[in-house]
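# Observations on the model geometry
The primary structure of each chain is shown beneath.
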Amino acid sequence: MLMENCPIISVNVRVWQFWGYLQRPKWYMYLVGCVPVTVLNAFMFANLFNVIFSGQGDMNTIIIDGYFTVLYFNLVLRTTFLMINRDKFEQFLEEIANEYSVLEKRNDVRLLLEQLTRRGQILSKSNLWLGAFISACFVTYPLFSPGNGLPYGMFVPGVDVHASPIYEIVFALQIYLTIPACCMYIPFTSFYCTSALFGLVRISALKRSLERIQQFNDSESSLLAKLKECFRKHKDVIKYVADLNGLVTYIFLLEFLSFGLMLCALLFLLSISNQLAQMTMIGSYIFMILSQMYALYWHSNEIREQSLEIGDAMYYNSAWLNFSVPSKKSIMFMIARAQQPLAIKVGNVFPMTLEMFQALLNASYSYFTLLRRVYN
């Protein structure tokens, strides 16, 4: 099965293929996509430094410009990492497509596979629509705010971007660049979530194989052969989660550091704002951060929790105490290995769990209250 035809990952793969990030590079698409977005982000950094060091910007301007600058830097980094590691991503996605074609033939996991496939498709499409809606809010907000503002603050040395007709041209370009920027950011999150969902299917398939292991107890050779097959599948699942972790761990480290800080700043800005339009926009920014981060941490937490049940499936449901001594020893080894949970980690250090997500929210809120107290 081709990766673009694999239902659980097809939406994100086709978006990446359209922009030339996977398989066949499309240099002309780079010139209308990631390259101008990267240049825009460079001008956004220049604007942020100019606003801070010139002392011309207020707290509101610094926070909003900082939010968009960090957001665009994140999506540029995501895309750069994807293009540098194109071979690894393609190999990983091909593995998903090949294993998907195998699992859909198994009656015991077909229903779960179909359910999680539908969930993955809905999640990928809804993420794109949500990103498109919030991006539309980004670019239309300056039309309803006082002043001659741009959707994303930028500074070009020697050019007054607020003077007509340059202002109108830059405004139109920023509206257009929001489209490829959205396609650079959203599919990476959806890729991880759908990959995690498929990982849950593989774990579930392994658990069901272990629960039926006693059916092969009539013959020692058939039992040992089935145990070896389960060991191989367990090893494949461990490798799958490790490969997925290697593709996302350092990107998630950047998001952990940057978005926790931006969440604190946006909460502070929301608390001092007195304009309804601005409060609505800040609320949408906060919602985008929370929804994306929660999706990442929830799926990571599910992988960790479900992987811990592999040993339980073998210990409680397989009647392994009636097996021969060599089979018992093999099963005990597998149970011992299953006690170490499979985990996606932030920077290969901290496992991504809902407890960690809660800790991130608590830390952001603590710094927000401290900042608010100092401001008052």
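Here the structure is a predicted model, which is why all the values come from computation and not from measurement. (Residues numbered from 1 in each chain as written. Predicted model: local features only at pLDDT ≥ 70, side-chain atom pairs only at ≥ 80, totals over all residues. Heavy atoms only, no water.)

### A closer look at the overall build of the chain
Counting its regular elements, the chain contains eleven helices and two strands. The C-alpha extent of the chain, read off along each of the three principal axes, is 85 × 50 × 30 Å. When contacts within the chain are restricted to residue pairs at least 6 apart in sequence, those whose partners lie at least 24 apart make up 78%. Each charge class in the chain can be summarised by its mean position, and for the 29 positive and 25 negative side chains these summaries are 5 Å apart. (Helix = DSSP H or I, 4+ residues; strand = E, 2+ residues; numbered from the N terminus. Contact = heavy atoms within 4.5 Å. Lys, Arg positive; Asp, Glu negative; His and termini not counted. Charge placed at Lys NZ, Arg CZ, Asp CG, Glu CD.)

### Quick word on the environment of G120
Assignment of secondary structure puts G120 in helix α6 (residues 107-140). When its relative accessible area of 0% is taken as the criterion, G120 is described as buried. Each C-alpha atom, one on G120 and one on Y167, is 41 Å from the other, the two residues being 47 residues apart in sequence. Beyond its immediate stretch of four places on either side in the chain, G120 contacts T194 and L197. (Buried < 20%, exposed > 50% of the residue type's maximum accessible area, 1.4 Å probe, protein only.)

### Quick word on the packing of aromatic side chains
Inspection of every chain in the model, using the stated rule, returns 26 aromatic pairs. When the centroid spacing of 5.4 Å and the interplanar angle of 75° are considered together, the rings of F68 and Y285 count as edge-to-face. Here F68, found in helix α4 (residues 59-84), pairs with Y285, found in helix α9 (residues 276-317); they are 217 residues apart in sequence, far enough to count as distant. With a relative accessible area of 3%, F68 lands in the buried category. Feature note: the residues W16, F81, F89, F92, Y100, F188, F191, F198 and Y240 constitute an aromatic cluster, connected by ring pairs. Its end group placed over the ring of Y185, R78 keeps NZ or CZ at 4.1 Å from the ring centre. (Phe/Tyr/Trp six-rings, centres within 6.5 Å; stacked < 30°, edge-to-face > 60°. Lys NZ or Arg CZ within 6 Å of the ring centre and 35° of its normal.)

### Here's the deal with a nonpolar patch on the surface
On the surface, a nonpolar cluster with roughly 510 Å² of combined accessible area is contributed by L31, V32, V35, V39, Y176 and I179. Put simply, the parts of the chain that give the nonpolar patch at least two residues each are α2 (27-32), α3 (34-54) and α7 (166-211). Structurally, the position occupied by Y176 is in helix α7. (Patch = residues over 30% accessible without salt bridge, like charges linked within 9 Å, V, L, I, M, F, W, Y side chains within 5 Å. Areas by Shrake-Rupley, 256 points an atom, 1.4 Å probe, with all protein chains shown as cover. Salt bridge = Lys/Arg side-chain N within 4 Å of Asp/Glu carboxyl O.)

### A few points about the nonpolar core
One recurring pattern in soluble globular proteins is that nonpolar side chains are buried together. Y67, I96, F138, F191, Y192 and V248 are the most contacted members of the largest nonpolar core, which has 114 residues in total. Ranked by the residues each element gives to this core, the list is headed by α7, at 23 residues. Setting aside chain neighbours within four positions, we find Y67 in contact with F138, M262, L266, Y285, M288 and I289. (Core = buried A, V, L, I, M, F, W, Y, C linked by side-chain atoms within 4.5 Å.)

### Remarks on the environment of K88
For K88, the location among the structural elements is in helix α5 (residues 86-103). By relative accessible area, which is 53% here, K88 ends up exposed. In this structure, the C-alpha to C-alpha distance between K88 and V70, residues 18 residues apart in sequence, is 26 Å.

### Side note on unusual backbone geometry
Of the consecutive residues S164 and P165, the connecting peptide bond is found in the cis state with omega at 5°. Tracing the sequence through the fold places P165 in the loop between α6 and α7. With a phi angle near 60°, Q23 is a residue other than glycine that sits in the positive phi range. Summarising the element assignment, Q23 is placed in the loop between α1 (10-18) and α2. The phi torsion at N348 lies on the positive side, around 60°, for a residue other than glycine.

### Side note on the packing of α6 against α7
Contact geometry of α6 with α7 gives a least axis separation of 9 Å together with a crossing angle of 160°. As far as their axial angle goes, α7 and α6 are roughly antiparallel. Crossing of α6 over α7 shows right-handed handedness. For the contact of α6 with α7, a count of residues per class yields 18 nonpolar, eleven polar and three charged. (Axes fitted to C-alpha atoms, helices over the stretch in contact; angles between N-to-C directions. Parallel < 35°, antiparallel > 145°, perpendicular 65-115°, else oblique. Left-handed = near helix turned anticlockwise from the far one by under 90°. Nonpolar A, V, L, I, M, F, W, Y, C, P; charged D, E, K, R; others polar.)

### Topic: the side chain of N41
Inspection of the secondary structure assignment puts N41 in helix α3. Under the relative-accessibility criterion, N41 is labelled buried at 4%. If we ignore the near neighbours within four places in the chain, the residues touching N41 are T69, Y72, F73 and V76.

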